[in-house]
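Summary of structural features
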Amino acid sequence: MRVLIVEDEPYMAEAIRDGLRLEAIAADIAGDGDTALELLSVNSYHIAVLDRDIPGPSGDEVATRIIASGSGMPILMLTAADRIDDKVTGFELGADDYLTKPFELRELVLRLRALDRRRAHSRPPVRELAGVRLDPFRREVYRDGRYVALTRKQFAVLEVLVAAEGGVVSAEELLARAWDENADPFTNAVRITVSALRKRLGEPWIILTVPGVGYRIDAQPEPDREGAGRA
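About the criteria used
Residues numbered from 1 in each chain as written. Predicted model: local features only at pLDDT ≥ 70, side-chain atom pairs only at ≥ 80, totals over all residues. Heavy atoms only, no water. Salt bridge = Lys/Arg side-chain N within 4 Å of Asp/Glu carboxyl O. Helix = DSSP H or I, 4+ residues; strand = E, 2+ residues; numbered from the N terminus. Buried < 20%, exposed > 50% of the residue type's maximum accessible area, 1.4 Å probe, protein only. Axes fitted to C-alpha atoms, helices over the stretch in contact; angles between N-to-C directions. Parallel < 35°, antiparallel > 145°, perpendicular 65-115°, else oblique. Left-handed = near helix turned anticlockwise from the far one by under 90°. Contact = heavy atoms within 4.5 Å. Nonpolar A, V, L, I, M, F, W, Y, C, P; charged D, E, K, R; others polar. Polar contact = N/O pair within 3.5 Å; in protein donor to acceptor, adjacent residues only side chain to side chain. Core = buried A, V, L, I, M, F, W, Y, C linked by side-chain atoms within 4.5 Å.

The name given to the chain in an unreviewed UniProt entry is DNA-binding response regulator, with Embleya scabrispora as the source organism.

Shown next as structure tokens:
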């Protein structure tokens, strides 16, 4: 299990990290919201442990971004706030569990393992289309048995296209589902990402551009197809 600890008190964060490692739980530390979002963008975590009161984007905002990403990552709120109203707002944001300070490390470990079991029981299904096998839980993609290394954005775009089962997905929908609410609606990020994704998957091209409409996966790609698969 690998967790992200978002805590702005260095000694506490390091104590938690060291204690978790003794329990065979890998942990990274973020001391502020910006660092947390950066780590989440480049690493895969099983669970996020969030202090609500941190510098930069708050723990609540980080939680909102995690939930909006659609990753399904469980969130454990870690805070000194112990009022019922604080807990209610935390759960309303989408937190899966809540632990108030001070706490025993053993209790945190037990809660993390319980969340991990729950997460394992709700694993999203592996999807297969046009020779592509996409495993959302392991974040792995194979094309005709060959492993394909993808960036987080490429994986997110492919996940949306595969879920459409050959249906056309507009650039606007991809932007909304694979990026976040701060994405520039006039950006060419979707076109660039789709083009790079197509190259990563290799020939014959399976991601087709439907001019003026969007993109779709060709369930029966033709080796000699030209033009239609270009972004």
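A word on the pattern of salt bridges. Applying the stated rule across the entire model yields 10 salt bridges. The partner of Lys101 in a salt bridge is Glu7, and the shortest N-O contact between them spans 2.8 Å. In this pair, Lys101 is assigned in the loop between β5 (97–100) and α5 (105–121) and Glu7 in the loop between β1 (2–6) and α1 (10–22), connecting sequence segments 94 residues apart. Exposure class is identical for Lys101 and Glu7. Each is buried. Bridged by salt links that share partners, the residues Glu7, Asp51 and Lys101 form one connected network.

Right, let's get into the packing of helix α2 (residues 33–42) against helix α3 (residues 59–69). Contact pair α2 / α3: the axes reach a minimum separation of 10 Å and the direction vectors enclose 20°. By the angle between their axes, α2 is roughly parallel relative to α3. Crossing angle aside, the handedness with which α2 passes α3 is right-handed. Note on element contacts: α3 touches α2 through Val62, Arg65 and Ile66, opposite Gly33, Ala36, Leu37 and Leu40. Here the residues of the contact of α2 with α3 are counted per class, giving 5 nonpolar, 1 polar and 1 charged.

What follows covers the side chain of Asn43. With respect to the element layout, Asn43 can be found in the loop between α2 and β3 (47–50). Within polar-contact distance, the side chain of Asn43 engages the side chain of Tyr45 at 3.1 Å.

Of all hydrophobic cores here, the largest spans 27 residues; its most connected members are Leu158, Leu174, Leu201, Ile207 and Ile217. Broken down by secondary-structure element, the contributors of at least two residues to this core are β7 (132–135), α6 (152–163), α7 (171–178), α8 (189–201) and β11 (214–217). The greatest single-element share of this core, amounting to 7 residues, is contributed by α6. Among residues more than four places away in sequence, those in contact with Leu201 are Val132, Val141, Arg143, Arg146, Val148, Leu158, Ile206 and Ile207. Val6, Leu39, Ala48 and Ile54 belong to the second-largest nonpolar core, a separate cluster that totals 19 residues.

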